[in-house]
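Observations on the model geometry
So you can see what is in the structure, the chains are spelled out below.
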Amino acid sequence: MELDREIAGLLLPWYEKNKRSLPWRADREPYHVWLSEVMCQQTRVEAVKGYYHRFLTALPTIEDLAVCPEEQLSKLWEGLGYYSRARNLKRSAEIICREYGGVFPSDFAAIRALPGIGDYTAAAIASICFDLPCPVVDGNVLRVVTRLRAFRGDIRRERTKAEVRQALAPLFDGVSSGALNQALMELGALVCQPNRAPDCGVCPLQKLCSSSAGLWREIPFKSELKERRVERHTVFLLCCGGAWALRKRPKKGLLAGLWEFPNLPGDLEAQAALDAAAAWNCRPIRLLRHTEKRHIFTHILWELPAWVIECQNPADGFIWASSEEIKERYSLPTAFRQFMNETEIKENPYEKSD
Ligand code: SF4
């Protein structure tokens, strides 16, 4: 695949005029760019803004991140999902402090070697912060380039990404690498958008584009993901004197090390749920409510039937915390946080009124 050298000359002035004002574009500080790139993976830009400010207010430097307690980090990340991203940020910060004296490395290979930093993030940091000629290839860039060339390669395949990266490389001669990468991504975000007709009438690259009207439905081509595995887990909202049982998830696997409401595999009937609460030594008094929610991960769908159970004994093995304490101190991943409304219902619908 070849791309016209004229692209940079047409795109850069358009970018200067049309780029969104985003908090992480205020400077080229590698910590800021790195954090925003990691937060924006899998999360909408609008949703990231608040998290970004909160995170940097709490942890203004890489050194602060490196020594941040796990609980505080999870709380700052709560609701963003994909918690391994936060853990990798901290691991990388520790490495930067230990091996680079707290200064973010400026070499592509060293950036790429940090935990949680893949080709995309490394190229973004290297180009935006250090002006290295590294093409960024994310979903926006893939869409723009494949439409420009009417290219039907599967954008899930590494080979397609490599082809696009190779085609982009010559465009970086003599231009600001960071600006060109951001301009391509911005065009994909604002004009050549996903799942809808591109706004070709305002596109600075229209005269170079090989896509005809209607082709946006076919390009970019993306093969189907394998179907998600469905798992059912029964969640226990165990309430004892206004406090709710929480425990930590295992250190490895899905949502590793995060807080959760106790749960067991399968769909437990009422009596089985009471038996399980008794086996945990919580001395259940009665079932208050039953509810059900679901949570979607990339490869797994959790179906989550849940029992709200009043208990007499705040058994060992759990932390017992009020609804307010949970909100302030414990970071619950979204899969479990969605049950928090159950901890705020005061009345018991099963109780008879006189
Ligand atoms: S002309 Fe249309 S299809 Fe081509 S790159 Fe621009 S917005 Fe995308």
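Bear in mind that the values here come from a model prediction, so they are computed numbers and not experimental data.

Conventions we followed
- Here, residues in each chain are numbered from 1, in the same order as that chain's written sequence.
- Side-chain atom pairs in this predicted model are given and counted only at pLDDT of 80 or more, local residue features only at pLDDT of at least 70, and totals for whole chains, interfaces and linings cover all residues.
- Side-chain calculation: all heavy atoms of the structure are included, whereas hydrogens and water are not.
- We call a set of buried Ala, Val, Leu, Ile, Met, Phe, Trp, Tyr and Cys residues a nonpolar core when their side-chain atoms join them within 4.5 Å.
- Here's how the labels work: a residue is buried when its accessible area is under 20% of the maximum for its type, exposed when over 50%, partly exposed in between, all with a 1.4 Å probe on protein chains only.
- In this description a helix means any DSSP run of H or I spanning at least four residues, a strand means any run of E spanning at least two, and both kinds are numbered starting from the N terminus.
- Here, residues are in contact when the closest pair of their heavy atoms is within 4.5 Å.
- Pairs were defined over the aromatic rings of Phe, Tyr and Trp, the Trp ring being its six-membered one, requiring ring centres within 6.5 Å. Orientation was assigned from the angle between planes: stacked under 30 degrees, edge-to-face over 60, tilted for the rest.
- Segment limits for the domains were obtained from an automatic or database-derived domain assignment.
- Once two parts are put together, the accessible area they lose, assessed with a 1.4 Å probe and summed over both, is termed the buried area.
- We define a salt bridge as a contact between a side-chain nitrogen of Lys or Arg and a carboxyl oxygen of Asp or Glu at a distance within 4 Å.
- Whenever a nitrogen or oxygen atom comes within 3.5 Å of another N or O atom, the pair is scored as a polar contact, on the condition that within protein one atom can donate a hydrogen and the other can accept it, and that pairs from neighbouring residues in sequence are kept only if both atoms are in side chains.
- Throughout this entry, Asp, Glu, Lys and Arg are counted as charged residues, while Ala, Val, Leu, Ile, Met, Phe, Trp, Tyr, Cys and Pro are counted as nonpolar. The remaining residues, Gly among them, count as polar.
- Axes here mean lines fitted to C-alpha atoms, for a helix over just the part in contact, with angles spanning 0 to 180 degrees between N-to-C directions.
- We call two directions roughly parallel when the angle between them is under 35 degrees, roughly antiparallel when it is over 145, roughly perpendicular when it lies between 65 and 115, and oblique otherwise.

Let us now look at the nonpolar core. If you look at soluble globular proteins, the nonpolar side chains tend to sit buried side by side. Trp 34, Phe 55, Leu 168 and Phe 261 are the most contacted members of the largest nonpolar core, which totals 95 residues. Examining the composition of this core, we find that seven residues originate from one element, helix α8 (residues 119-130), more than from any other. For Leu 168, the contacting residues outside a window of four places in its chain are Leu 3, Pro 135, Val 136, Val 137, Val 141, Val 145 and Leu 184. If you look at the next biggest cluster of nonpolar residues, it comprises 18 residues, including Cys 240, Cys 282, Leu 287 and Trp 307.

The subject of this paragraph is the environment of Ile 296. Within the secondary structure, Ile 296 is located in strand β5 (residues 284-296). Sequence separation between Ile 296 and Arg 229 is 67 residues; the distance between their C-alpha atoms is 10.0 Å. Beyond its immediate stretch of four places on either side in the chain, Ile 296 contacts Arg 228 and Leu 301.

This part covers the packing of aromatic side chains. In this structure the tally under the stated criterion is ten aromatic pairs. For the pair Phe 318 and Trp 320, a centre-to-centre distance of 6.1 Å together with 85° between the ring planes defines the contact as edge-to-face. In this structure, Phe 318 and Trp 320 share a single accessibility class: buried. Here a set of aromatic residues connected by ring pairs shows up, and it is made of Phe 236, Trp 280, Phe 318 and Trp 320.

Moving on, we get to unusual backbone geometry. With an omega dihedral of 5°, the bond running from Ile 219 to Pro 220 counts as a cis peptide bond. By secondary structure assignment, the location of Pro 220 is in the loop between α11 (177-190) and β1 (229-240). The phi torsion at Ala 150 lies on the positive side, around 50°, for a residue other than glycine. Considering the arrangement of structural elements, one finds Ala 150 in the loop between α9 (139-148) and α10 (158-168). The class of Ala 150 is partly exposed, set by a relative accessible area of 27%. The phi dihedral of Asn 195 is positive, around 55°, even though this residue is not glycine. The topology assignment puts Asn 195 in the loop between α11 and β1. The class of Asn 195 is exposed, set by a relative accessible area of 76%.

Okay, the domain arrangement of the protein next. What the domain assignment reports for the protein is domain 1 (6-217) and domain 2 (229-344). The partner domain 2 presents 16 residues to the eight residues of domain 1 that form the contact. In this assembly, domain 1 packs against domain 2 so that about 890 Å² is buried in total across both faces, 43% of it on carbon and sulfur atoms. For domain 1, the biggest contributors to the area lost against domain 2 are Glu 71, Lys 75 and Tyr 83; these three give 52% of the whole. The tally of links between domain 1 and domain 2 comes to one salt bridge. Its salt-bridge partner being Glu 71, residue Lys 248 comes within 3.1 Å of it at the nearest N-O pair. Linking domain 1 with domain 2 are seven residue pairs in polar contact (both at pLDDT 80 or more), by the criterion used here. For the side of domain 1 that touches domain 2, the element with the most residues is helix α5 (residues 70-77), which contributes three residues. When the residues that make up the side of domain 1 that touches domain 2 are grouped by side-chain class, the tally is two nonpolar, two polar and four charged.

Attention now moves to the packing of α9 against α10. Packing of α9 against α10 brings their axes to within 11 Å, and their N-to-C directions diverge by 75°. Classified by the angle their axes make, α9 and α10 are roughly perpendicular. Residues Val 141, Leu 142 and Val 145 of α9 lie in contact with α10, whose contacting residues are Lys 161, Val 164 and Leu 168. Classifying every residue of the contact of α9 with α10 gives five nonpolar, no polar and one charged.

Another aspect to go through is the environment of Met 185. With respect to the secondary-structure elements, Met 185 resides in helix α11. Considering only alpha carbons, one finds Met 185 and Phe 318, 133 residues apart in sequence, at a separation of 46 Å. Every residue in contact with Met 185, bar those within four places of it in the chain, is listed here: Tyr 120, Val 136, Asp 138, Asn 140 and Val 141.

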